[in-house]
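One letter stands for each residue in the lines below.
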Amino acid sequence: MSFEMETAPHPEQLRRVAIEPVSRVEGHGKVTLLLDDHNRVQQARLHISEFRGFERFIQGRPYWEVPVLVQRLCGICPVSHHLCAAKAMDQVVGVHRLTPTAERLRRLMHYGQILQSHALHFFHLSSPDLLFGFDSEVARRNIVGVAAAHPDIARQGVLLRKFGQEVIRVTAGKRVHGTSAVPGGVNKALAVAERDGLLKDIYDIIKWSREAVALTRRLFEQDPDTYARFGRFDAGALALVRADGAMDLYHGGLRARDVAGEPIFDHVAPDTYDDYIHEQVKPWSYMKFPYIRSLGPDDGWYRVGPLARMALCDFIPTPFAERERKAFLAFDDGRAAGSTLGYHWARLIEMLHAAEVIKDLLQDEQTLGTELMAEGARQGRGVGIIEAPRGTLIHHYEVNEEDLVVRANLIVSTTHNNNAMNQSIREVARQYFDGRELSEGLLNHIEVAIRAFDPCLSCATHALGRMPLEVTLVDAGGHTVDRALRDPGEAC
Amino acid sequence: MSTSPTFTLDGREIPFEAGQTVLQAALTADVYIPHLCYHPEFKPHGSCKVCTIKADGRHVSACTWPARHGMVVENATEELDDLRRTLVQMLFAEGNHFCPSCEYSGHCLLQAVGYDLQVETAGFRHFFPVRPVDASHPEVWLDLNRCILCELCVRASDEVDGKHVFGLSGRGAGKHLIVNALSGRLADTDMAATDKAAEVCPVGVILKKKAGFRVPIGERPFDREPVSAQAARYAPRPPARHREED
Ligand code: SF4
Ligand code: FES
Ligand code: NI
């Protein structure tokens, strides 16, 4: 059922509309709509047209280099890869428990990354759509437009992001391409002055995060129907949760629920992930399609990321964010919590949670400790799983006796969401395209749907670099009818 | 009362002892001249040419040129720095130097000299040579992607360790580092992690395993000060068998 619009019965008779690549999405992707003679969408696909296997760069390299090396996978979320690879390599050096200080410093870095990534996504990439509407003038629908119409919101967005970057800088050693997470611990202690520099701003950060959540809630309240309906579909979900069921974005066991909310598995140890999750390859996309093994590829797909985490955790272990989570789940009889645009609201609740966690970590004296490294017995295999800003991230390495990586398998957040994104495009196409001519605003509805997932296509394709924006219209015979170049805008 | 002989370097008077080269005398006086294949504990080798100066109007290598009383030396001139930049660009182009993921970043003399000379462009099309990693030894590994053929490891192994573990083979563009084992593997040589040869490589070729990235950014040798401000660190000294890792 879920794949009915993936492959049209007679694609050779359809007109092809390609949006390439999706603007204001990190990386390079292409949406193709196959239209029939009446401009009805018969087929919708988000495909990835470029791929350079990053695993090749890792193979043959020493394991201690990998946490730094993998940051080159993606200019957008290097910290998530850095930490995830370090977690995998902790296993390789036989360290199953970090020192209390190392664990806190890694968490601090991670929640700093969550904060800056969610702030960037909301204020720079999504707020223009949400504040001005999906059909509004393209020229205005960007961060410059937001800054003109809502200067306070734009300013807070910039400061929230800066704060997150500063947390990353003091913990990782650098704003980008830090090196502090090493197999078995961290290489850098937090100085008192660095801690105090962050503490003095943290209450503003929490306050602005609360205001951002409230702003999003108001948008849902103003137009609950659109928000609940837009690109909506039901899906299973996957995320890490803490042993007591709490949200934990740094470490935990895997929990999955099916489309009806019934448990599929719970507290699965990260190093057994491949007993539960498999990946399917489809000829039309370089991005793989992961699925839960017990349900099979047709029914076993799921969502990851803020929406999934909100639904799967039993509670958020910080007070303001937990209160917001309850309001989110209860809103409109739970309809927001299952909607594509619900990602935005959930993302900001996580941003608030990250701010609260950062405050707790900064106030914890153990964060200032100097015991940074633990040791253990060398092993041949390491699996790290982390809840990155965009969802579950899996790094799996096999390391030989010479200390070189012989096999690497990475499943990035955006790849987990592959089918869900395709699904939401189909829903949007169904709702907004049928029988109508193509306009910039209509095409943007599709982009809005994809953007809700905050996909990182540069990560998902493991590609390096980005492509210019191109919109092409191709007829059934494969001829290009129309082509337009678009400015990628502030994609980064 | 005896006065020591001197020469002038960019107008500054530099004293020297008999037998010292221009580079040795300058570094002893805490005056920097760019260099790569020179090491304070070894006899000069004169292969990289990054230390090229003008002594009494002639282009010569500072690391091998004997200091002479009354000599006039030009060092920090645009002309010489341009030449040095080109040499550094060529070294970057000939190997595979990926600084962002290299564990020797912040320790590497090639990187430090490149930063100091403000080498900002590639300059040449990079060769991307295919050079294997040798991780066969349990404690030391070789990333030959970064070798600049300075022969410091060869000299250290021969002169200090007395083991002859390293050597250069081939000519011209085909010149490369080899190890003294029929198998070609470091594991089958006499190499030990405590060897002098394990600590002299100016770039990140010969490295102790499992130690990468242990020094945080900000505390690595070239984080605080550029190499040009650390001349005294390179003043000649007698070969030491064990030295604290820097
Ligand atoms: S391995 Fe290092 S020390 Fe030896 S020749 Fe190459 S660059 Fe010089
Ligand atoms: S340092 Fe003089 S030639 Fe290399
Ligand atoms: Ni990414």
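Before any of the text, the structure's been laid out above.
Attention here is on the structure that accompanies the text. (Residues numbered from 1 in each chain as written. Chains lettered and ligands numbered in written order. Predicted model: local features only at pLDDT ≥ 70, side-chain atom pairs only at ≥ 80, totals over all residues. Heavy atoms only, no water.)

**Overview of helix H11 (residues 319–330) of chain A**
All names here are of chain A. How we decide: Going along the chain from the N terminus, every DSSP run of H or I of four or more residues is numbered as a helix, and every run of E of two or more is numbered as a strand. Working rule for helices: expected span equals 1.5 Å times residues minus one. For the exposure calls, accessible area comes from a 1.4 Å probe over protein chains only, and a residue counts as buried if that area is under 20% of its type's maximum, exposed if over 50%, partly exposed in between. Directions pointing from the helix axis toward each C-beta atom define the arc. Two residues form a contact once any of their heavy atoms are found within 4.5 Å.
For H11, which comprises twelve residues, the first-to-last C-alpha distance of 17 Å matches the rise-based estimate of 16 Å (1.5 Å per residue) to within 8%. Taken together, the buried positions of H11 are Ala-321, Glu-322, Glu-324, Arg-325 and Phe-328. Buried positions in H11, seen along its axis, are confined to an arc of 160 degrees and lie on one side of it. Of the exposed residues in H11, those oriented more than 90 degrees away from the buried face are Pro-319, Arg-323, Lys-326 and Ala-330. Looking at the buried positions of H11, the neighbouring elements they touch are helix H7 (192–222), helix H10 (306–312) and helix H12 (342–363).

**Observations regarding unusual backbone geometry**
Of note, His-267 of chain A is a non-glycine position whose phi angle comes to about 50 degrees, a positive value. By secondary structure assignment, the location of His-267 of chain A is in strand S8 (residues 263–268). With phi around 70 degrees, Glu-151 of chain B is a residue other than glycine that occupies positive phi space. Within the fold, Glu-151 of chain B resides in the loop between strand S7 (140–143) and helix H4 (152–161). Taking the relative accessible area as the measure of exposure, Glu-151 of chain B reaches 24% and is therefore partly exposed.

**Digging into the side chain of Asn-96 of chain B**
All names here are of chain B. Our working definition: Polar contacts, as counted here, are pairs of nitrogen or oxygen atoms within 3.5 Å of one another; within protein the pair requires one atom able to donate a hydrogen and one able to accept it, and residues that are adjacent in sequence qualify only if both atoms are side-chain atoms.
Its location among the elements puts Asn-96 in the loop between helix H2 (78–94) and helix H3 (109–116). Under the relative-accessibility criterion, Asn-96 is labelled buried at 8%. At 2.7 Å, the side chain of Asn-96 and the backbone oxygen of Pro-129 are in polar contact. At 2.8 Å, the side chain of Asn-96 and the side chain of Asn-145 are in polar contact. In this structure Asn-96 touches Phe-128, Pro-129, Asn-145 and Arg-146, once residues within four positions along its chain are discounted.

**Concerning the side chain of His-395 of chain A**
All names here are of chain A. Residue placement: His-395 occurs in strand S13 (residues 391–399). On the basis of relative accessibility, which here comes to 0%, the residue His-395 falls in the buried class. Within the structure, the side chain of His-395 is placed 3.0 Å from the side chain of His-81, a separation counted as a polar contact. Apart from residues no more than four positions distant in its own chain, His-395 is found in contact with Val-70, His-81, Cys-84, Ala-85, Ala-88, Gly-382, Val-383, Gly-384, Asn-409 and Leu-410.

**Observations regarding the interface of chain B and chain A**
For the record, the criterion: Take the accessible area each of two parts loses on contact, using a 1.4 Å probe, and add the two losses: that sum is the buried area. Any Lys or Arg side-chain nitrogen found within 4 Å of a carboxyl oxygen on Asp or Glu counts as a salt bridge.
Between chain B and chain A, the contact holds 21 residues from the first and 23 residues from the second. Both faces combined, the contact of chain B with chain A buries some 1,800 Å², and carbon together with sulfur accounts for 60% of it. Contact with chain A buries surface across chain B, with Lys-210, Phe-213 and Ile-217 of chain B losing the most and accounting together for 36% of the total. For the pair chain B and chain A, the number of links is five salt bridges. For Arg-61 of chain A, the salt bridge identified is with Asp-143 of chain B, shortest N-O distance 2.5 Å. Our enumeration of links across chain B and chain A arrives at five residue pairs in polar contact (both at pLDDT 80 or more).

**Observations regarding the pattern of salt bridges**
Taken as a whole, this structure holds 43 salt bridges over all chains when the rule is applied. Between Glu-322 of chain A and Lys-326 of chain A there is a salt bridge; the shortest N-O distance is 3.6 Å. One end of the pair is Glu-322 of chain A and the other is Lys-326 of chain A, both in helix H11 and four residues apart, which spans about a single turn. Given a relative accessible area of 12%, Glu-322 of chain A falls into the buried group. The class of Lys-326 of chain A is exposed, set by a relative accessible area of 51%. When the shortest N-O distance is used, the salt bridge between Lys-196 of chain B and Glu-41 of chain B registers 2.7 Å. Of the two residues, Lys-196 of chain B sits in the loop between strand S9 (176–179) and strand S10 (206–208) while Glu-41 of chain B sits in the loop between helix H1 (22–28) and strand S3 (52–55), which places them 155 residues apart along the sequence.

**Describing the sheet that holds strand S4 (residues 58–61) of chain B**
All names here are of chain B. Heads up, the condition is: When DSSP finds two or more bridges between a pair of strands, those strands are recorded as paired. The angle between two axes is taken between their N-to-C directions and runs from 0 to 180 degrees, where each axis is a line fitted to C-alpha atoms and a helix contributes only its stretch in contact.
Read across the sheet, five strands follow the order S2-S1-S5-S3-S4 without closing on themselves; strand pairing throughout is mixed. Each end of this open sheet is capped by a strand with a single partner; those strands are strand S2 (12–15) and S4. When strand polarity is set aside, the average angle formed by the axes of neighbouring strands in this sheet is 35 degrees. By the bridge criterion, two bridges tie S3 to strand S5 (residues 72–74) in an arrangement that is antiparallel. Bridge pairing links Lys-54 to Glu-74 in S5.

**Topic: the pairing of strand S12 (residues 381–388) of chain A**
Residues and elements named next belong to chain A. Taken across its eight residues, S12 has seven buried, putting it largely inside the fold. Pairing of S12 with S13 involves eight bridges; the strand directions are antiparallel. Note on S13: the bridge partner recorded for Gly-384 is His-395. In textbook terms, the turn of a hairpin is the stretch between consecutive antiparallel strands, and for S12 and S13 this stretch comprises two residues.

**A closer look at H3 of chain B**
All names here are of chain B. Across the eight residues of H3, six count as buried, placing the element largely inside the fold. Among the residues of H3, Leu-109, Leu-110, Gln-111, Ala-112, Val-113 and Gly-114 are the ones counted as buried. On its buried face, H3 sits against H2 and helix H5 (221–224). After H3 finishes, the residue Gln-118 shows a positive phi value of roughly 55 degrees.

**As for the packing of helix H6 (residues 151–172) of chain A against H7 of chain A**
Residues and elements named next belong to chain A. Put simply, the test is: Just so you know how the angles are binned, under 35 degrees is roughly parallel, over 145 roughly antiparallel, 65 to 115 roughly perpendicular, and the rest oblique. Crossing handedness: left-handed means the near helix sits turned counterclockwise from the far one by under a right angle, and right-handed means the same turn made clockwise. Residue polarity is assigned by list, with Asp, Glu, Lys and Arg as charged and Ala, Val, Leu, Ile, Met, Phe, Trp, Tyr, Cys and Pro as nonpolar; anything else, Gly included, falls into the polar class.
Viewed as axis vectors pointing N to C, H6 and H7 meet at an angle of 140 degrees, and their least axial separation amounts to 10 Å. One finds that H6 runs oblique with respect to H7. Between H6 and H7 lies a crossing whose hand is left-handed. The residues of H7 that touch H6, namely those facing Ile-153, Arg-155, Gln-156, Leu-159, Leu-160, Phe-163, Glu-166, Val-167 and Val-170, are Glu-194, Leu-198, Asp-201, Ile-202, Ile-205, Trp-208, Ser-209, Glu-211 and Leu-215. When the residues that make up the contact of H6 with H7 are grouped by side-chain class, the tally is eleven nonpolar, two polar and five charged.

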